Amino acid sequence: MLFRSGKRERHNVVIDSIEQALSFPVDSKPDLVNFDAEKMLLCIKSDNKSKKEWAFQYYNAPLYLDRYEALEALSKASPDTAFDKVYADALSDKYWQLRIDAMNNFKSLPKGTISTDIKEKIIALAKGDKKADVRAAAIELLSEQYDQTKDKDTDITGIFKNAIRDSSYKVNGKGLLALSQIDPVETIEIVNTLNEKTKMSLLSTISKLFAAHGTKEHNAFFLDMYKKINSYQMYSFAEAYGTYLINQDDITIDKGLVILKEIAMTNNSWLTRLAAIYNIDNLFNLYYKREELIIEEMKINKSDHVALGKLGEEQAELKSRQDYILAILDSIKENEKDKRVLRLWAE
């Protein structure tokens with residue numbers, strides 16, 4: 001289809017050669033040549049269009065896929081403020097996925113550089129777009145673009161808090177994660193007020209929150225969730241729980257090792273078992289690195305016999321912790337039959 005002088009001209013052609021050139025009589029350069037205008041061909045298509053032509057396609061070609069192609073192509077082109085209007089207008093596109101695609105384009109911008117007009121559009125999407133996926137994407141973008149610990153934009157913070165009461169669990173999760181970047185203590189307090197059904201639906205989000213900001217008291221959450229989650233959720237659980245344990249005390253880590261060992265030895269999914277093993281190994285490395293620091297301190301304090309005595313006791317305790325975890329890993333290896341998992345020990 002050719003677009004020129006405000007008109008559309010459709011030309012039906014037959015492609016029957018590996019290489020084939022097509023030509024059409026025109027009295028001026030078309031604004032756009034839209035090959036496969038109906039998006040019917042089963043092919044890999046390479047369009048060599050200018051940014052101006054892609055912008056024209058977004059505004060004038062009739063199909064969803066026309067606009068999708070245009071936004072995709074412009075996102076890969078070199079930055080050009082002349083075409084920011086395309087993405088600003090795409091925030092109001094009638095198809096929800098294109099509204100999300102438009103927002104994704106702004107993620108690559110430096111923090112706080114989005115214009116005020118576009119910021120207001122994103123805020124409007126976060127507050128009231130009829131599609132939950134769009135509201136969630138808008139909240140995520142606002143969280144990434146604006147550091148609320150510095151900007152103190154009460155409107156944006158209010159959006160994050162309201163998102164936690166949204167009818168969509170996806171929006172709830174984005175709101176919790178966004179608010180946790182501002183005030184993790186308040187966010188955890190909010191999580192504690194959620195009912196069990198909501199907590200289960202937001203398991204992945206809450207696990208990430210506690211992994212980053214949780215204390216030993218939150219181990220009860222992980223122990224309780226472990227009893228309730230299904231096998232599909234177990235991989236994400238193992239990853240989040242391992243991250244949480246890295247920042248906890250030895251007693252909490254010991255309780256967690258029991259769970260991770262059980263997952264590594266009994267879960268049906270080799271990927272989930274591998275995730276548990278990796279996180280056990282991370283805990284071993286935690287103690288190994290702590291011992292390395294102790295050894296460095298011993299070198300510095302080699303003349304201080306009192307300090308050396310205390311450091312020696314700490315080193316012995318750390319070695320004991322490492323031996324304990326190595327024994328767990330050895331028992332897992334002995335139990336494991338899948339070659340894909342056993343490769344871990346060959347690395």
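Structure: above.
What this report covers is the structure whose coordinates are included nearby. All figures in this text were calculated on a predicted structure; none of them were measured in a lab.

**Points about the packing of helix H1 (residues 51-60) against helix H2 (residues 64-76)**
In a pair of packed helices, the angle between the axes and the distance between the axes together describe the arrangement. In contact at an axis separation of 8 Å, H1 and H2 are set at 150° when each is read in the N-to-C sense. One finds that H1 runs roughly antiparallel with respect to H2. Between H1 and H2 lies a crossing of left-handed hand. Between H1 and H2, the residues in contact are Lys-51, Trp-54, Ala-55, Gln-57 and Tyr-58 and Asp-66, Arg-67, Glu-69, Ala-70, Leu-71, Ala-73 and Leu-74, respectively. When grouped by side-chain class, the residues that make up the contact of H1 with H2 number seven nonpolar, one polar and four charged.

**Observations concerning unusual backbone geometry**
For Asp-36, which is not glycine, the phi dihedral falls at a positive 55°. Looking at where Asp-36 falls in the secondary structure, it is placed in the loop between strand E3 (32-33) and H1. Backbone geometry at Lys-39 places phi at a positive 55°, although glycine is not the residue there. The topology assignment puts Lys-39 in the loop between E3 and H1. Classification of Lys-39 by relative accessible area gives buried; the value is 15%.

**Topic: the nonpolar core**
Counting residues in hydrophobic clusters, the biggest one holds 86 residues, and the most contacted among them are Met-103, Ile-122, Leu-142 and Phe-237. By residue number, the principal contributor to this core is helix H16 (residues 270-300), which donates 10 residues. Residue contacts for Phe-237: discarding those within four places in its chain leaves Phe-222, Met-225, Tyr-226, Ile-229, Ile-259 and Ile-263. Residues Met-1, Phe-3, Leu-32 and Ala-61 belong to the second largest nonpolar core, which totals five residues.

What counts and what doesn't
Residues numbered from 1 in each chain as written. Predicted model: local features only at pLDDT ≥ 70, side-chain atom pairs only at ≥ 80, totals over all residues. Heavy atoms only, no water. Axes fitted to C-alpha atoms, helices over the stretch in contact; angles between N-to-C directions. Helix = DSSP H or I, 4+ residues; strand = E, 2+ residues; numbered from the N terminus. Parallel < 35°, antiparallel > 145°, perpendicular 65-115°, else oblique. Left-handed = near helix turned anticlockwise from the far one by under 90°. Contact = heavy atoms within 4.5 Å. Nonpolar A, V, L, I, M, F, W, Y, C, P; charged D, E, K, R; others polar. Buried < 20%, exposed > 50% of the residue type's maximum accessible area, 1.4 Å probe, protein only. Core = buried A, V, L, I, M, F, W, Y, C linked by side-chain atoms within 4.5 Å.

Geometry only, nothing functional implied.
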